[in-house]
Amino acid sequence: MQGCTLQDIAMASPAFQTAKEAAPISLTPKYILPEHERPHLTQVSSSSSIPLIDLQDYLDGRDHDHVVHAVSRACEEYGFFQIINHGVPEELCNSLMDSAAAFFQLPPTIRAQLLNSPVEEGWVFGAYQKVAGLDDQFSMWGESFAHLCDLSGDSKLSQIFHKHAPKYREAIGEYARQMDVLIKCLLGLMSLGLGLEKECLESKIGENYVLRATTNYYPPCPDPELSMGLHAHTDPGALTVLRQSEHVAGLQVLKDEKWVWVEPLPNAFVVNVGDQIQVLSNGKYKSVRHRAVTNKESARVSLPMFYIPNIERVIEPIQELINAENPPLYRKYKSSEYSAELQKQMGTRWRVMETFELQPNKDKLSH
């Protein structure tokens, strides 16, 4: 499958078998959500989407204030935005997406070898959702693999990638380095939008941060109204930059208590605020709930890169943002404490940040 492009794979619709299952994926009861948890796609707004920001003038040294304002407003009002003319080579992005999609065309017995592998070597998993009041655990319609990224270029991906997905292994190192530069650029814009020094958010997240790549594969679903690709959640890290299939929509964002589509755009990245930046910004920048839905015709691939503080990092609202009119909304905590709470809530409609809210300010928060 190394010669296949993402478009080839997306248009093919053979039955997909996950690494965990003994038969191809199908709408058995464990994939069919209760009525109140289904996506109700006909109710999703297609008349609006998240902001689109062109970085060209900023990267060329022009129009600084306009881009800062656009990024800041998007983080405050949506928690999401798309960027174009971002400087990451399109050829590199396409190569990585094609090879990532090809990984899911490997036999499930090969992918199954990564079900319990070390995190730095890459691990395969399937998402699930727990529903309040029910003992059953519902599987999401798809499969993912994730791994840590080493910016030194010394790839620690397992021999499975070396043998069966060499193009992915070759591309991911350079992609991670490009993402590292882009993410720090975005953090600078976000810091300036808060009225802080350009390096502020980057310094608060710390030097020993983690970059984690995750590829999500959502095969065609016979009835997209019954199942979900990935249940509604916020991202637990600091910032996420996502590349998605350009030919098929699947990402939806909650805006004013209504779901809206995120339109796939050519050579664009979707950027979203994570929980840690919501805390650092004292709630000014929003970590917003989002989800992935399926469709009948085509497979969809998304590849988010997560920028995450290391487990020893202490997170709290930035002092420059605290005053009498804006008291702290969150208490101080270590990233390891957040991670432990996240594990407790895994599979639920997690409200991890609520654990760290200061009670008198709860009425000011909106997740």
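Values in this document were obtained by computation on a predicted structure and should not be read as measured data.

**So, the pairing of strand E14 (residues 300–308)**
For E14, a buried count of eight out of nine residues is recorded, marking the element as mostly surrounded by other parts of the structure. Relative to E14, strand E7 (residues 210–218) runs antiparallel, the two being bridged by seven bridges. Bridged to Asn216 within E14 is Ser302. As paired elements, strand E9 (residues 239–244) and E14 share six bridges and run antiparallel to each other.

**Things to note about the pattern of salt bridges**
On inspection of all chains with the given rule, the structure shows 15 salt bridges. Here Arg177 and Glu174 are joined by a salt bridge, their closest N and O atoms 3.3 Å apart. Pair noted here: Arg177 and Glu174 are both in helix H7 (residues 166–193), with a separation of three residues, about one helical turn. Classification of Arg177 as partly exposed rests on a relative accessible area of 32%.

**Some remarks on H7**
Spanning 28 residues, H7 covers 41 Å between terminal C-alpha atoms, matching the ideal 40 Å at 1.5 Å per step. The sharpest bend along H7 measures roughly 30 degrees and falls at Ile172.

**Quick notes on the UniProt feature "domain: Fe2OG dioxygenase" (unreviewed entry) in the chain**
Here, the residues flagged by UniProt with the feature "domain: Fe2OG dioxygenase" (unreviewed entry) are residues 206–309. Overall, residues 206–309 shows 6% helix and 43% strand. The separation of its end C-alpha atoms is 7 Å.

**Some thoughts on the nonpolar core**
Of all hydrophobic cores here, the largest spans 83 residues; its most connected members are Tyr168 and Tyr175. The greatest single-element share of this core, amounting to 13 residues, is contributed by H7. When residues no more than four places from it in sequence are discounted, the contact partners of Tyr168 are Leu96, Ser99, Ala100, Phe145, His147, Leu157, Phe161, Ala213, Thr215 and Leu303. Counting ten residues, the second largest nonpolar core, distinct from the first, contains Tyr78, Leu242, Val260 and Val288.

**Notes on the sheet that holds strand E1 (residues 52–54)**
Taken in spatial order, the eight strands line up as E1-E2-E12-E9-E14-E7-E6-E3 in an open sheet, and their pairing is mixed. Here the strands that pair on one side only, and so sit at the sheet edges, are E1 and strand E3 (123–125). On average, adjacent strands in this sheet sit at an angle of 25 degrees to one another, irrespective of strand direction. As judged from the three bridges shared by E1 and strand E2 (residues 80–84), these two strands associate in the parallel manner. What sits directly across from Asp54, in E2, is Ile84.

Thresholds, definitions, all that
- Residues numbered from 1 in each chain as written.
- Predicted model: local features only at pLDDT ≥ 70, side-chain atom pairs only at ≥ 80, totals over all residues.
- Heavy atoms only, no water.
- Buried < 20%, exposed > 50% of the residue type's maximum accessible area, 1.4 Å probe, protein only.
- Helix = DSSP H or I, 4+ residues; strand = E, 2+ residues; numbered from the N terminus.
- Pairing = 2+ DSSP bridges.
- Salt bridge = Lys/Arg side-chain N within 4 Å of Asp/Glu carboxyl O.
- Expected span 1.5 Å × (residues − 1).
- Bend = angle between axes of the 7 residues up to and from the residue.
- UniProt positions renumbered as here; feature names shortened; annotations may be inferred.
- Core = buried A, V, L, I, M, F, W, Y, C linked by side-chain atoms within 4.5 Å.
- Contact = heavy atoms within 4.5 Å.
- Axes fitted to C-alpha atoms, helices over the stretch in contact; angles between N-to-C directions.

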